[in-house]
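Observations on the three-dimensional arrangement
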Amino acid sequence: MVTADCLGKGRASCLSEDRTVRVVMAGTSRHDREMAVKARRQLSECSDPLDRLRLQCLARGSSGIKSLGRTFKVLDDDNSRSLELKEFLKGLNDFGILIEKKEALALFERFDRDGNGTIDFDEFLVTLRPPMSKARKEVVMQAFRKLDKTGDGVITIDDLRGVYNAKYHPKYQNGEWSEDQVFRKFLDSFDSPYDKDGQVTKDEFINYYCGVSASIDSDVYFILMMRNAWRL
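Numbers given for residues are sequential positions, taken from 1 along each chain in its written order. Only residues with pLDDT of at least 70 are given local features in this predicted model, and only at 80 or more are side-chain atom pairs given and counted; all residues enter the totals for whole chains, interfaces and linings. The basis for every side-chain value is the complete set of non-hydrogen atoms in the structure, without hydrogens or water.

Each helix is a run of DSSP H or I of at least 4 residues and each strand a run of E of at least 2, with the numbering of both proceeding from the N terminus. Counting its regular elements, the protein contains twelve helices and six strands. When a residue's accessible area, from a 1.4 Å probe over protein chains only, is under 20% of the maximum for its type it is buried; when over 50% it is exposed; and in between it is partly exposed. Across the 232 residues in the protein, those meeting the buried criterion constitute 47%. At a minimum sequence separation of 6, the contacts of the protein that also span at least 24 residues come to 62%. Working definition of accessibility: Shrake-Rupley area with a 1.4 Å probe, residue cover restricted to the visible protein chains. Surface exposure of the protein reaches about 11,800 Å², of which carbon and sulfur atoms provide 50%. Note on contacts: a residue pair qualifies if any of its non-hydrogen atoms lie within 4.5 Å across the two residues.

Here's what the structure looks like:
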């Protein structure tokens, strides 16, 4: 995939940018694997229920927290964006989280601040994200704003037109994929493997990079990776 900045520069320049993006995204995949290994290792040394849940999500990759959110969303039949204790426990179980019931109860009580027997799962998932420094958050948001061409808070295939050129993608060149299929594959990389809807919200984009960030110790390296990947 090639940024629109390269359009008009010539094929050699475009291909150079294409290789840059691919190399950086491959690096992101490597960081994803490293994060999963690191999370599994830390699990054996962690006792805090929230940290243990976070690490179990990270052990599934950058989309782990988002996937847990999707599980909760399925249980939210009335679209209240909140969960009762029974729904919360079922969501953790359905997602395959290994957690003692007393730990799950402690988590629920921590977030049921008003004691009304429900928790706001959007707030819960935001808290579950690995922390990112202010500098990292800003560069992630710069990338999101660049991709969200319409400024409506959601990245879609239409947003990508004019921002990315799919014509140098190998599967487009050999006729296997259409331009829209190249765009869709790109969007799917930020989505949960269990629920790909062809669009990426700001929270989904941040969730993804919170996961990637967890595997990178240096702010300088993370910011450089983002700037190179998105031509910021």
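Alright, that's what it looks like, and here's the rest.
Mapping Thr71 onto the fold places it in helix H3 (residues 64–75). Overall, Thr71 belongs to the buried group, its relative accessible area being 17%. Those residues in contact with Thr71 that sit more than four places away from it in its chain are Gly91, Asp94 and Phe95.

Looking at the element boundaries, Arg54 is found in helix H2 (residues 49–58). When near neighbours in sequence (up to four residues on either side) are disregarded, Arg54 contacts Thr127, Leu128, Arg129 and Pro130.

For every element, the axis is a line fit to its C-alpha atoms; helices are fit only across the contacting stretch, and the angle between N-to-C directions ranges from 0 to 180 degrees. Remark: helix H4 (residues 85–95) packs on helix H5 (residues 101–111), axes separated minimally by 11 Å, with the N-to-C direction vectors making an angle of 125°. Taken together, H4 and H5 sit at an angle that is classed as oblique. Considering how the two elements wind past one another, H4 and H5 form a crossing that is right-handed. On H5, the residues touching Leu85, Phe88, Leu89 and Leu92 of H4 are Lys101, Ala104, Leu105, Leu107 and Phe108. By the convention adopted, Pro, Cys, Tyr, Trp, Phe, Met, Ile, Leu, Val and Ala count as nonpolar, Lys, Arg, Asp and Glu as charged, and the other residues, Gly among them, as polar. Each residue belonging to the contact of H4 with H5 can be placed in one class, and the counts come to eight nonpolar, no polar and one charged. Each angle gets one of four labels, with under 35 degrees taken as roughly parallel, over 145 as roughly antiparallel, 65 to 115 as roughly perpendicular, and the rest as oblique. Crossing chirality is assigned from the near helix's rotation relative to the far helix, an anticlockwise turn below a right angle marking it left-handed and a clockwise turn marking it right-handed.

We define the nonpolar core as a collection of buried residues of types Ala, Val, Leu, Ile, Met, Phe, Trp, Tyr and Cys that are connected through side-chain atoms lying within 4.5 Å of one another. In this structure, Val140, Leu147, Phe205, Tyr209, Phe222, Met226 and Trp230 are the most contacted members of the largest nonpolar core, which totals 33 residues. For this core, the elements supplying multiple residues, two or more each, are helix H7 (134–147), helix H8 (157–160), helix H10 (179–188), helix H11 (202–213) and helix H12 (219–230). Filtering out sequence-adjacent residues up to four positions away, Phe222 remains in contact with Met132, Arg136, Val139, Val140, Tyr209, Val212, Ser213 and Ile216. Leu43, Leu53, Leu55 and Phe88 belong to the second largest nonpolar core, which has 28 residues in total.

Let's shift gears to unusual backbone geometry. In the Ramachandran plot, Arg81 falls in the positive-phi region, its phi being about 60° despite a non-glycine side chain. In this structure, Arg81 sits in the loop between H3 and strand S2 (82–84). Look at Arg81 and you get partly exposed, because its relative accessible area is 34%.

To continue, consider H2. Judged by how many residues are buried, H2 sits mostly within the fold: eight of ten residues are covered. Taken together, the buried positions of H2 are Pro49, Leu50, Leu53, Arg54, Leu55, Gln56, Cys57 and Leu58. The residue sitting at the N-terminus of H2 and contributing the capping side-chain oxygen is Asp48; that oxygen lies 3.1 Å from the backbone nitrogen of Leu50. Side-chain atoms alone can form a polar contact between residues adjacent in sequence; in general such a contact is a pair of N or O atoms within 3.5 Å, and within protein one must be able to donate a hydrogen while the other accepts it.

With that settled, consider the pattern of salt bridges. When a carboxyl oxygen of Asp or Glu lies within 4 Å of a side-chain nitrogen of Lys or Arg, that pair is called a salt bridge. One pass over the structure, following the stated rule, counts eight salt bridges. With a closest N to O distance of 3.1 Å, Arg110 and Asp48 form a salt bridge. Taken as a pair, Arg110 in helix H5 and Asp48 in the loop between helix H1 (11–43) and H2 lie far apart in primary sequence, 62 residues in all. The exposure class assigned to Arg110 is partly exposed, which follows from its relative accessible area of 40%. For Asp203, the salt bridge goes to Arg129, with nearest N and O atoms at 3.1 Å. One end of the pair, Asp203, is in helix H11; the other, Arg129, is in the loop between helix H6 (121–128) and H7, and 74 residues separate them in sequence. For Asp203, a relative accessible area of 40% translates into the label partly exposed. Among the residues examined, Arg129 registers a relative accessible area of 15% and is labelled buried.

A few words on the confidence of the model for the protein. You can read pLDDT as the predictor saying how much it trusts each residue, on a scale of 0 to 100. Confidence in the prediction of the protein, expressed as mean pLDDT, is 78, and 84% of residues score 70 or more. Mean pLDDT across the elements of the protein bottoms out in strand S1 (residues 2–3) (38) and peaks in H7 (93).

Attention now moves to the packing of aromatic side chains. For Phe, Tyr and Trp, rings pair up if their centres lie within 6.5 Å, where Trp contributes its six-membered ring, and each pair is then called stacked (planes under 30 degrees apart), edge-to-face (over 60) or tilted (otherwise). In this structure the tally under the stated criterion is nine aromatic pairs. With 5.8 Å between their ring centres and 35° between their planes, Phe72 and Phe88 make a pair best called tilted. Linking Phe72 in helix H3 with Phe88 in helix H4, this pair joins segments that are 16 residues apart in sequence. Note on Phe88: relative accessible area 0%, which makes it buried. Measuring from centroid to centroid gives 5.6 Å for Phe88 and Phe108, while their planes differ by 55°, and the two rings are tilted. Residue Phe88 is located in helix H4, and its partner Phe108 is located in helix H5; the two are separated by 20 residues in the primary sequence. What makes Phe108 buried here is its relative accessible area of 6%. By the ring-pair criterion, three or more aromatic residues cluster together here, those being Phe72, Phe88, Phe108, Phe111 and Phe124.

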